[in-house]
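The chain contents come next:
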Amino acid sequence: MLTRYPTNAPPRFHVLVKPTGATCNLDCAYCFFLSKEMLYPGSRFRMADDLLETYIRQLIEGHQTNEVSLAWQGGEPTLMGLPFFRRAVDYAEKYRRPGMTIEYTMQTNGTLLDDEWGEFLAANRFLMGISIDGPREIHDHYRYDKGGAPTFDKVMRGLDVLKRHKVDWNVLCTLHRSNADRPLDIYRFFRDDLGAEFMQFIPIVERLTAEQAAVSLDLIEPWHSWRDRPLYVQAGEIVTERSVTAAQYGNFLATIFDEWVRRDVGRVYVQMFDVALANWVGAPSGLCVHSRTCGVALAIEHNGDLYSCDHFVEPRNLLGNIRRDHLIELVASEKQVQFGRDKFDTLPGYCRECEVRFACHGGCPKDRFIHTPDGEPGLNYLCEGYKIFFHHIDEAMRFMGNELRHELPPANIMAYMAQKDAAQRKAFADVGRNDPCPCGSGRKFKQCHGIGAR
Ligand code: SF4
Ligand code: SF4
């Protein structure tokens, strides 16, 4: 029982719960988490009922706010079966303080959802994140099951369950070398074919040490399955060829932004665009990756082990176990506070002087393994992409930020863009397809502002 909040305790924090550990019914080629099974040899990988109750009690006790997020992830959390989640909701109800709201979220591959799940998720107002990498041929490239079979149809069946039961859902799409050059195919598929209103795009950056690279014959797919991959830890300065490149990532975001900003503002929400707008107006961004510090988004394993972050489930970032220490003591521990501060304290000088640092904040420390142009270590692998994207959206973000400050809808940007595009079409009317683009980009007109022009 908690008698007082420790010094340094954040009023609110976020924990991803992994009730099945890394266990999953799929075997996605790029999944960094499947190998974490090696941390718990011999485990059954099922969160015990008394631990579930302890966790939920501590989570609620540890919050000084009236909003608590109970977030499930994996591995694949639905492998625990519905009775487990019914008990979780009962425990949350048992310990909830008067006036407290519990927000239930779950990240799933969607393949095990059926109508019983749909009824439960709707009744308890779960927000579901469903992992889809794009249209069928893109999705099935890396997302297959343990037998190597494609998963697209099963995921679509799961999504259909969510839609029929009117469960809130969003798409989580990973970006890698094989889909990052198809931004509009992917964005339009989510928006038009699936009817997605919320989307997140997560870059796949898969690191290898020189030793791992030396023994691997294949940098494209150094391992094809969790069975033959080593324990994944954040180490190494080499990336697999499956990883997205920085430029691909930036161009992907910039391209879908151009479509979104002209027709979808206010009806489609792309996490990165919301985060950017928050940073442009000086509000909390809500995403650790693009915040000044981090450390309040942790991960807990099936046995109660608490780690600094979902991306750092590895021995050096183990904070302790909630069977021994209260969750909030671990969240407020010096080790965790330092972990969060390091995000800012270890920024290279190049980032500190960067003109888009207010929006970028150096990205996630897990991706900071390249050198700055003047040789300082600790620059983010995705830096080039961040620069492309944040510079590209500057004008639109300033416009939307200004609207917000005047209590006007940011969606007014669409009328502004329409006017601007019309003026530009007029000005560019006589430019030949193969002429240099008058915008000064250095590209041919047909590859720049003349895309689609005859
Ligand atoms: S390490 Fe990265 S993902 Fe983890 S909390 Fe910090 S910024 Fe977020
Ligand atoms: S864009 Fe690059 S230099 Fe600028 S803050 Fe981000 S990572 Fe650092």
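Structure's up top.
The rules we used
- Residues numbered from 1 in each chain as written.
- Chains lettered and ligands numbered in written order.
- Predicted model: local features only at pLDDT ≥ 70, side-chain atom pairs only at ≥ 80, totals over all residues.
- Near = placed C-beta within 6 Å.
- Helix = DSSP H or I, 4+ residues; strand = E, 2+ residues; numbered from the N terminus.
- Buried ≥ 20, exposed ≤ 12 C-beta atoms within 10 Å, placed from the backbone.
- Expected span 1.5 Å × (residues − 1).
- Axes fitted to C-alpha atoms, helices over the stretch in contact; angles between N-to-C directions.
- Parallel < 35°, antiparallel > 145°, perpendicular 65-115°, else oblique.
- Left-handed = near helix turned anticlockwise from the far one by under 90°.
- Contact = placed C-beta atoms within 7 Å.
- Nonpolar A, V, L, I, M, F, W, Y, C, P; charged D, E, K, R; others polar.
- Core = buried A, V, L, I, M, F, W, Y, C linked by C-beta atoms within 7 Å.
- Pairing = 2+ DSSP bridges.

K.L.:
Describe the site of ligand 2, and please don't skip the residues or the numbers.
P.N.:
Taken together, Tyr350, Cys351, Cys354, Val356, Arg357, Cys360, Gly362, Gly363, Asn380, Cys383, Tyr386 and Lys387 form the complete shell of residues around ligand 2. Secondary structure elements with two or more residues in the shell around ligand 2: α12 (349–352), α13 (357–360) and α14 (383–392).

K.L.:
Explain the environment of histidine 141 to me, and be specific about the residues and the numbers.
P.N.:
Here histidine 141 shows up in helix α4 (residues 136–142). A tally of 19 C-beta atoms within 10 Å means that histidine 141 is categorised as partly exposed.

K.L.:
Before we move on, can you summarise helix α16 (residues 413–427) with the specific residues and values?
P.N.:
Counting along an α-helix, one turn takes 3.6 residues, and residues three or four places apart therefore face a common direction. With 15 residues, α16 ought to run about 21 Å at 1.5 Å a step, and its terminal C-alpha atoms sit 21 Å apart, in line with that. Burial of α16 is sparse: only one of the 15 residues sit out of reach of the surface.

K.L.:
For the packing of helix α8 (residues 246–263) against α14, give the residues involved together with the corresponding values.
P.N.:
The N-to-C vectors of α8 and α14 enclose an angle of 20°; their axes lie 6 Å apart at closest approach. Relative to α14, the element α8 is oriented roughly parallel. Seen from above, α8 lies across α14 with right-handed handedness. Each of Ala246, Ala247, Tyr249, Gly250, Asn251, Leu253, Ala254 and Phe257 in α8 lies in contact with α14, whose residues at this interface are Cys383, Glu384, Gly385, Tyr386, Lys387, Ile388, Phe389 and His392. In the contact of α8 with α14, the residues fall into ten nonpolar, four polar and two charged.

K.L.:
An account of the site of ligand 1 is requested, with residue identities and associated values reported.
P.N.:
Around ligand 1, the structure places Cys288, Val289, Cys294, Ala297, Cys309, His311, Lys343, Cys364, Pro365 and Lys366. Here the shell around ligand 1 is composed, by residue class, of seven nonpolar, one polar and two charged.

K.L.:
I'd like a description of the nonpolar core, backed by residues and values.
P.N.:
It is characteristic of soluble globular proteins that their nonpolar side chains tend to be buried jointly. In this structure, Val15 and Leu298 are the most contacted members of the largest nonpolar core, which totals 108 residues. By residue number, the principal contributor to this core is α8, which donates eight residues. Excluding residues that lie within four positions of it along the chain, valine 15 makes contacts with Leu59, Ala71, Leu298, Ala299 and Ile300.

K.L.:
Give me the sheet that holds strand β2 (residues 67–72): which residues, what numbers.
P.N.:
Pairing in this open sheet of ten strands is mixed, and the strands run β9-β6-β5-β4-β3-β2-β1-β10-β11-β12 from one edge to the other. Because the sheet does not close on itself, it has two edges, and the strands there are β9 (269–270) and β12 (318–321). Across four bridges, the pairing between strand β1 (residues 14–17) and strand β10 (residues 297–300) is parallel. When the sheet's bridge partners are listed, valine 15 is paired in β10 with leucine 298.

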